[in-house]
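Structure at a glance
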Amino acid sequence: MAIPSFVDRVRLTVQAGNGGHGCASVHREKFKPLGGPDGGNGGDGGSVILRVADNLNSLVEYHRQSVRKATNGQPGRGDHQHGARGEDVVLAVPAGTVVSDATTGEHLADLAGPGQEYVAAVGGKGGLGNEALATTARKAPGFALLGEEGESRLIQLELKVLADIGLVGFPSSGKSSLIAAISRAKPKIADYPFTTLVPNLGVVVAGDVTYTVADVPGLIEGASLGKGLGFDFLRHIERCQAIVHVIDLGTWEAGREPVADLEVIEAELAAHGGLEDRERLVALNKVDLPDAPELAELARPQLEERGYRVFEISTKTGVGLNELKFAMAGIVADRRATAEAQEPPRKVLRPKPVGRVSLDDSFTIAKKGDGQGGFLWRVRGMKPERWIRQTDFSNAEAVGYLADRLNRLGVEEKLLELGAREGDAVAIGGEDAVIFDFAPQIDTGAEILSRRGEDPRLETERPAVTRRREADAEYHARKTREVLDES
C-alpha cells in the first residue's frame, strides 16, 4: 500500500521512560562491616518532546510510525553511584501543529513559532537511594524508593498551515496557477478537476511586505457533507489574515456563474465556521478568454454591492496580478500592525502532568460509603499518590516510612477529624489506588520514627573524619530530598 507524501492529521502514542529505582546498599570494608548507607538514586526517565522544525511541512513521518518511546532511567547502585538519566525523544513537527488529547479532545498546545517545544509525556522521577534517605534518626535505612512510571498518552497532531492569505474556489478555477504566477512555487497544474490533492503554499513579495499564500484543494458544493476534498483542508486557512475567492470566468458547466459560485463557497465556509471575521477579496480569473470580460462586467457590480473588492486577473497574461498582490499585502500589513499593538504578554505553557491532582501539599479526603470493616475513605493529592508509587510494599521498613510521611503531611490527623475509626478501609489514589486498614499512630509516631532504621553497630565511637563525612553526607541527602519533594 502506498504511503501518502502529505499527511496533516495523525494519532500518536507517546510513552515516556520510567524512573530508575533507588538502591539500598551499605558500605562495607575490612574490619568495618557497616560503614553506612551508600545506595545511589535512580535516574529520571526520558521525556517525549515535540519541537517545531523549519524544514517540515507534513506529519507523514508519524503516519509511518505512530508509537514513540523514550528510554528508562537507570537504577542507582552502591558506592554512591546514581543511575543515568533516560534519553529524551525529540519529535520534529511543522510550524502550525496543534496538539490535543486524542481521548478527551482537550487542547494541549499550539506549536506555531520556530523552535517552540511541548513536553507531550513527562519521564518518571527516579527513586531515592538509602543514602539520600538517611537522617540522624534513621541512620541505616534498609530500603530505597521506587522509580515512578513515565507518562503514556494518546495524542492527536493536526497541521494548520501558517499562511497569511487563503485562496478558495471551485476545482480548476486557477488557484494553483495564481500561486505559481505570483510566487516561485511550482504546484501541479492541469486542465482537469481535483488536480491539487494537497494544499500549496507560496511566498509572495509586494513592495516591502513578504507574505505567504495557500490554497484549499477541491472545495465544492456539499463539501461540509463530505463531498470532494476541500472541507478536510479548510483548517489550513483558519490562521489566514484574509480569504481570496478565485472565480473561474471560463467554465462551461451548467448553472455556474460568478455570483452563484461565490455563494456556494461562502456557504461551505460558514458551515466550517470560524472564518467570519476574515476580510474577503474576489479575483475574477481567466479574463483573457473570449466573452470573459463581458461576464466580468456583469458580475462586478453585483459583487461590489455585497461589499467585496473585485479584481479582474489572468494568470496566463499577468493582467491585474500586481493590483491583487498589493491589495493582499495591504491587508497583511494592517493585520500585523494591529496584532503587534495588541499583542498580550507571552505565556509560558507549563502542562499539568497526567494523572496528578495537585502541585502542592494539599490533599482531599472523601467518604465513599461502606468499605471492608467500615467506611471507605479516599485520599487524593499529588504527594500521597506519588509516595504510594514510590513505595516497595514488600519491605516493611519502606511501608513504615510511608506511614511517617503521611503522618507528617497530616493525613492521619485529617482522617480522625472526619470520623475515621481504626480498621476503616482507606484508599489512596484513583483507579489504581492502594487500600489499607486505618491504624492511627499519631500518639506514638515520634517514638516509632526514632527507632525505625537504626542499627546499634553505627553507635560505636567513630573517628572525627568519619563523623564529618557523615555530617556532610546527611546535609546533601536532606537537600536532595527537599528538592525532590518540591518538584
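The shown structure was predicted, so the numbers you read here are calculated from the model rather than taken from an experiment.

**Details of the overall build of the protein**
When its secondary structure is counted, the protein shows 12 helices and 18 strands. Taking all 487 residues of the protein together, 46% fall into the buried category. At a minimum sequence separation of 6, the contacts of the protein that also span at least 24 residues come to 72%. Of the accessible surface of the protein, which amounts to about 25,100 Å², a share of 51% is contributed by carbon and sulfur atoms.

**As for helix 9 (residues 396-409)**
Taking 1.5 Å as the rise per residue, helix 9 with 14 residues should run 20 Å; its terminal C-alpha atoms sit 20 Å apart, in good agreement. Residues Ala398, Gly400, Tyr401, Leu402, Asp404, Arg405, Leu406 and Leu409 constitute the buried set of helix 9. Of the residues flanking the start of helix 9, the one acting as N-cap is asparagine 395, its side-chain oxygen 2.9 Å from the backbone nitrogen of glutamate 397. After helix 9 finishes, the residue glycine 410 shows a positive phi value of roughly 100°.

**A closer look at the sheet that holds strand 4 (residues 89-93)**
On the basis of which strands lie adjacent, the open sheet formed by three strands has the order 4-2-7 and mixed pairing. Each edge of the open sheet carries a strand with a single partner, namely strand 4 and strand 7 (117-121). Averaged over all pairs of adjacent strands, the angle between their axes in this sheet comes to 30°, without regard to strand direction. Of the strand pairs in this sheet, strand 2 (residues 48-52) and strand 7 are connected by four bridges, and their pairing is antiparallel. Residue pairing across strands places valine 48 opposite alanine 121, the latter belonging to strand 7.

**Overview of the packing of aromatic side chains**
Across all of its chains, the model carries one aromatic pair by this definition. Arranged with centres 5.1 Å apart and planes meeting at 45°, the rings of phenylalanine 143 and tyrosine 401 form a pair that is tilted. On the criterion of sequence distance, the pair formed by phenylalanine 143 in the loop between helix 2 (130-133) and strand 8 (152-159) and tyrosine 401 in helix 9 is long-range, its members being 258 residues apart. Overall, phenylalanine 143 belongs to the buried group, its relative accessible area being 2%.

**Observations concerning the pattern of salt bridges**
Taken as a whole, this structure holds 19 salt bridges when the rule is applied. Here arginine 68 makes a salt bridge to glutamate 61, at a shortest N to O gap of 3.8 Å. According to the relative accessible area criterion, arginine 68 is buried, its value standing at 13%. By relative accessible area, glutamate 61 is classed as partly exposed at 40%. Linked through salt bridges whose partners overlap, the residues forming this network are Glu148, Arg386 and Arg389.

**A word on the side chain of aspartate 424**
You can see aspartate 424 is positioned in the loop between helix 10 (411-418) and strand 17 (425-428). Buried aspartate 424, no salt bridge; nearest opposite-charge side chain is arginine 421, N-O distance 4.4 Å. Here the side chain of aspartate 424 touches tryptophan 377 through a polar contact of 3.1 Å, side chain to side chain.

**Considering the sheet that holds strand 6 (residues 107-111)**
As a general point, the strands of a sheet are linked pairwise by backbone hydrogen bonds and lie either parallel or antiparallel. As summarised here, the arrangement of the five strands in space is 3-1-8-5-6, forming an open sheet in which the pairing is mixed. Each having just a single partner strand, strand 3 (67-69) and strand 6 make up the two edges of the open sheet. Strand-to-strand, the axes of this sheet are offset by a mean angle of 25°, without reference to chain direction.

**Points about the confidence of the model for the protein**
Considering every residue of the protein, the mean pLDDT works out to 80; 77% of them sit at 70 or more. Taken as a whole, residues 189-196 scores under 50 in pLDDT and shows 19 contacts with residues more than four places along the chain or in a different chain. Predicted confidence for residues 354-359 stays below pLDDT 50, and this span has 12 contacts to residues more than four positions away or in other chains.

**What to know about the side chain of asparagine 285**
Note that asparagine 285 resides in strand 13 (residues 279-285). When sequence neighbours within four positions are dropped, the list of residues in contact with asparagine 285 reads Ser173, Gly174, Val246, Ile247, Asp248, Leu249, Ile313, Ser314 and Thr315.

**A short note on helix 8 (residues 382-390)**
Most of helix 8 is tucked away: eight of the nine residues are buried. Those residues of helix 8 not exposed but buried are Met382, Lys383, Pro384, Glu385, Arg386, Trp387, Ile388 and Gln390.

What counts as what
- Residues numbered from 1 in each chain as written.
- Predicted model: local features only at pLDDT ≥ 70, side-chain atom pairs only at ≥ 80, totals over all residues.
- Heavy atoms only, no water.
- Helix = DSSP H or I, 4+ residues; strand = E, 2+ residues; numbered from the N terminus.
- Buried < 20%, exposed > 50% of the residue type's maximum accessible area, 1.4 Å probe, protein only.
- Contact = heavy atoms within 4.5 Å.
- Areas by Shrake-Rupley, 256 points an atom, 1.4 Å probe, with all protein chains shown as cover.
- Expected span 1.5 Å × (residues − 1).
- Polar contact = N/O pair within 3.5 Å; in protein donor to acceptor, adjacent residues only side chain to side chain.
- Pairing = 2+ DSSP bridges.
- Axes fitted to C-alpha atoms, helices over the stretch in contact; angles between N-to-C directions.
- Phe/Tyr/Trp six-rings, centres within 6.5 Å; stacked < 30°, edge-to-face > 60°.
- Salt bridge = Lys/Arg side-chain N within 4 Å of Asp/Glu carboxyl O.
- Lys, Arg positive; Asp, Glu negative; His and termini not counted.
- pLDDT = per-residue confidence, 0-100.

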